[in-house]
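A look at the structure
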Amino acid sequence: GVGEQVAAVTARAMNGELDFAQSLVARVAALQGADEGILQQVLASVPLMPGLTELVNHLIAHQWQVVIASGGFTYFTDALKLQLGLTATFANVLDIANGKLTGKVLGDIVDANTKARVVNELAAQYNIAASQTVAIGDGANDIPMLKAAALGVAFHAKPKVQAQAKAAIRQGSLLQLLYLLD
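I will try to describe carefully the structure that is included in this document. (Residues numbered from 1 in each chain as written. Predicted model: local features only at pLDDT ≥ 70, side-chain atom pairs only at ≥ 80, totals over all residues. Heavy atoms only, no water.)

**A closer look at the sheet that holds strand β1 (residues 67-73)**
Note the threshold: DSSP bridges decide pairing: two strands pair if at least two such bridges lie between them. Helix and strand definitions follow DSSP, with helices as H or I runs of at least four residues and strands as E runs of at least two, each counted in order from the N terminus. For helices, the fitted line uses only the C-alpha atoms of the stretch in contact; every axis is such a line through C-alpha atoms, and the angle between N-to-C directions lies from 0 to 180 degrees.
Here three strands make up an open sheet; going across it, the order is β1-β2-β3 and the pairing mixed. Each having just a single partner strand, β1 and β3 (100-106) make up the two edges of the open sheet. Here the average twist between neighbouring strands, direction ignored, is 35°. Where strand β2 (residues 88-97) and β3 come together, four bridges link them in antiparallel fashion.

**Considering helix α2 (residues 20-29)**
As a reminder of what qualifies: The classification of residues rests on relative accessible area computed with a 1.4 Å probe and restricted to protein chains. Under 20% of the type maximum is buried, over 50% is exposed, and intermediate values are partly exposed. When we speak of the arc, we mean the arc of directions from the helix axis to the C-beta atoms.
Of the positions making up α2, those classed as buried are F20, S23, L24, R27 and V28. Taken around the axis of α2, the buried residues stretch over an arc of 130°, which confines them to a single face.

**Things to note about the pattern of salt bridges**
Rules: The working definition used for a salt bridge is a side-chain nitrogen of Lys or Arg within 4 Å of a carboxyl oxygen of Asp or Glu.
Overall, the coordinates contain three salt bridges when judged by the stated rule. The partner of D35 in a salt bridge is K100, and the shortest N-O contact between them spans 3.7 Å. A residue pair is termed long-range when its members are at least 10 positions apart, and D35 in the loop between α2 and α3 (37-45) and K100 in strand β3 qualify at 65 residues. Looking at D35, the relative accessible area reads 43%, which means it is partly exposed. Under the relative-accessibility criterion, K100 is labelled partly exposed at 38%. Here R117 ties to E121 by a salt bridge, and the two come within 3.6 Å at their closest N and O atoms. A residue pair is termed a helical-turn pair when its members lie 3 or 4 positions apart in one helix, as R117 and E121 do in helix α6 (residues 112-125) at four residues.

**Examining the sheet that holds strand β5 (residues 151-155)**
An order of β4-β5-β6 is seen for the three strands of this open sheet, with the pairing classed as parallel. Each edge of the sheet is formed by a strand with only one pairing partner; in this case those strands are β4 (134-137) and β6 (167-169). For this sheet, the mean inter-axis angle between neighbouring strands, taken without regard to orientation, is 25°. Where β5 meets β6, three bridges bridge the pair, whose relative direction is parallel. Paired with F155 across the bridge in β6 is I169.

**Here we look at the environment of E121**
Of the residues examined, E121 reaches a relative accessible area of 46% and is grouped as partly exposed. Residues E121 and F20, 101 residues apart in the sequence, show an inter-C-alpha distance of 22 Å.

**Side note on the side chain of T77**
What counts, and what does not: Note on definitions: a residue-residue contact is assigned when non-hydrogen atoms from the two residues lie within 4.5 Å.
Along the chain, T77 falls in helix α5 (residues 74-84). What makes T77 buried here is its relative accessible area of 5%. Setting aside residues up to four positions removed in sequence, T77 forms contacts with I68, S70, T89 and A91.

Laid out in structure tokens, this is it:
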């Protein structure tokens with residue numbers, strides 16, 4: 001019942017008009033009192049980006065470490081980790097008590113700086129040369145991550161993101177990324 005309100009705040013944050021952490025807190029607060037079951041309904045109805053499964057399968061077959069660093073929620077990223085066989089996910093944790101969303105986020109918020117840090121930390125953890133890192137994003141809070149990676153790709157991104165990324169995929173599926181990789 002708060003879809004329009006949340007979508008408006010999300011759009012402003014993606015365009016870089018609002019501080020991400022503040023916008024996340026406002027969006028999550030709008031969900032206070034919602035039944036936890038709504039998360040499963042959303043998960044069941046959200047389509048995967050075209051080409052995602054094929055891209056991840058290809059990268060994993062070539063020994064890539066594939067990670068999601070998201071300003072979204074672990075409820076969804078953990079499901080994707082299992083479904084796609086991802087190395088790891090980093091996202092925000094929704095607070096749930098007695099089967100209801102409390103309207104709060106637990107722990108530190110995964111923001112633009114966290115996403116950039118994940119690129120560098122995972123490269124070190126998996127002994128990946130900095131020159132071999134790739135990040136894909138679409139919103140303003142992805143810009144530091146795109147800049148931290150050797151190849152930062154704006155995917156169907158906001159104009160502000162496209163202007164600051166090293167490469168941009170403006171149409172087609174995620175499989176277009178394969179044309180940019182050596």
